[in-house]
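Topology and contacts: notes
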Amino acid sequence: MCLLLGATGVGKSLLVKRLQTILPRRAGVLDCLAQLSSRDGKGDLGDPPPTRPTVGTNLTDIVAQKKITIRELGGCMGPIWSSYYGNCHSLLFMVDASNPTQLSASCVQLLGLLSAEELANASVLILFNKIDLPCYMTIEEMKSLIRLPDLIACAKQNITTLEISAWKGTGLSDVLRWLQDTHRTNG
Ligand SMILES: Nc1nc2c(ncn2[C@@H]2O[C@H](COP(=O)(O)OP(=O)(O)O)[C@@H](O)[C@H]2O)c(=O)[nH]1
Ligand SMILES: [Mg+2]
């Protein structure tokens, strides 16, 4: 099980929809990745499907080499995120790179996740989404503001970061690759 968390409106639902549509069920994974890489950032994924604010939780299965179940938890469910920690093998934590005002709240949530006992063995991928929009702060500035290098050094978890655009498709192949690598053995 993979948990997908982050504040409301950061793009979680769009990301899972994108991951699903770019992954033809029967195509070989390598074909898929190759296709994706060539598409990456070129914006020919078609118009983004509409999403609505997630109230509650969404379950989505991504079938690549094996089935990976992604559970999106709506931002407003923050207070009860922890009831879903059990069974969580990987964690996608999404931040809106175009919205620095949300950053401190996201940072507090991230710290809570990283210090949760049940998530000590989870692999963590921090996604800076919406890099297609004008960003008032560079990703590097955001990372240093939340002291990400220190966080990564101190956390028990294995933490990776990626910059993506769920809208344009930029970086989605890397997300897929990370999921596959992370779920290769179990979960
Ligand atoms: N420009 C841009 N908009 C995005 C991106 N990802 C999501 N959005 C938009 O942000 C809004 C919220 O997205 P949604 O997936 O519902 O967010 P959620 O609440 O985290 O599930 C929608 O209008 C999306 O189309 C992105 O990478 N770039
Ligand atoms: Mg949603």
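Residues numbered from 1 in each chain as written. Chains lettered and ligands numbered in written order. Predicted model: local features only at pLDDT ≥ 70, side-chain atom pairs only at ≥ 80, totals over all residues. Heavy atoms only, no water.

Where an unreviewed UniProt entry is consulted, the protein chain appears under the name ADP-ribosylation factor-like protein 16, with the organism given as Ovis ammon polii.

1. Let's talk about the UniProt feature "binding site: GTP" (unreviewed entry) in the protein chain
Sequence positions flagged by UniProt for "binding site: GTP" (unreviewed entry) are, in local numbering, G75, N129, K130, I131 and D132. One can find K130 in the loop between β5 (123–129) and α4 (139–145). Along the chain, D132 turns up in the loop between β5 and α4. Here D132 is in contact with S165, W167 and K168, once residues within four sequence places are set aside. (UniProt positions renumbered as here; feature names shortened; annotations may be inferred. Helix = DSSP H or I, 4+ residues; strand = E, 2+ residues; numbered from the N terminus. Contact = heavy atoms within 4.5 Å.)

2. Regarding the site of ligand 1
Around ligand 1 sit 18 residues in total, of which G9, K12, L14, T51 and D132 are the nearest. The separation between an oxygen atom of ligand 1 and a polar main-chain atom of G9 is 2.8 Å. Separating an oxygen atom of ligand 1 from a side-chain N or O atom of S165 is a distance of 3.4 Å. Protein chains bury 83% of the 580 Å² of accessible surface belonging to ligand 1 in isolation. For the shell around ligand 1, the leading source of residues is helix α1 (residues 12–21), giving 3 residues. Taken together, the residues of the shell around ligand 1 sort by class into 6 nonpolar, 8 polar and 4 charged. (Near = heavy atom within 4 Å. Polar contact = N/O pair within 3.5 Å; in protein donor to acceptor, adjacent residues only side chain to side chain. Areas by Shrake-Rupley, 256 points an atom, 1.4 Å probe, with all protein chains shown as cover. Nonpolar A, V, L, I, M, F, W, Y, C, P; charged D, E, K, R; others polar.)

3. Some words on the pattern of salt bridges
Summed over all chains, the structure comprises 7 salt bridges. Ionic pairing is found between E140 and K143, a salt bridge with its closest N-O pair at 3.9 Å. With E140 and K143 both in helix α4 and 3 residues apart, the pair spans about one turn of that helix. Via salt bridges that share partners, E140, K143 and E163 belong to a single interconnected network. (Salt bridge = Lys/Arg side-chain N within 4 Å of Asp/Glu carboxyl O.)

4. Things to note about the pairing of β5
Taken across its 7 residues, β5 has 7 buried, putting it largely inside the fold. Of the pairings in the sheet, the one linking strand β4 (residues 90–96) to β5 comprises 7 bridges and is parallel in character. Bridge assignment links V95 to a residue of β5, and that residue is F128. Where the polypeptide runs from β4 across helix α3 (residues 103–114) and back to β5, its parallel neighbour, the crossover connection is right-handed. The sheet contact formed by β5 and strand β6 (residues 158–163) spans 6 bridges and is parallel. Looking across to β6, one finds that S123 is bridged to N158. (Buried < 20%, exposed > 50% of the residue type's maximum accessible area, 1.4 Å probe, protein only. Pairing = 2+ DSSP bridges. Right-handed = clockwise from strand over helix to strand, strands pointing away.)

5. Observations concerning the pairing of β4
Burial analysis of β4 places 7 of its 7 residues in the buried class, which makes it a mostly covered element. In β4, alternate side chains face the same way, and those of S90, L92, M94 and D96 on one face and L91, F93 and V95 on the other are all buried. As paired elements, strand β1 (residues 2–6) and β4 share 5 bridges and run parallel to each other. Across the sheet, the residue bridging to L3 is L91, located in β4.

6. A look at helix α6 (residues 172–182)
Within α6, 8 of the 11 residues are buried, leaving the element largely enclosed by the surrounding structure. Looking at α6, one finds that the buried residues are L172, S173, V175, L176, W178, L179, Q180 and T182.

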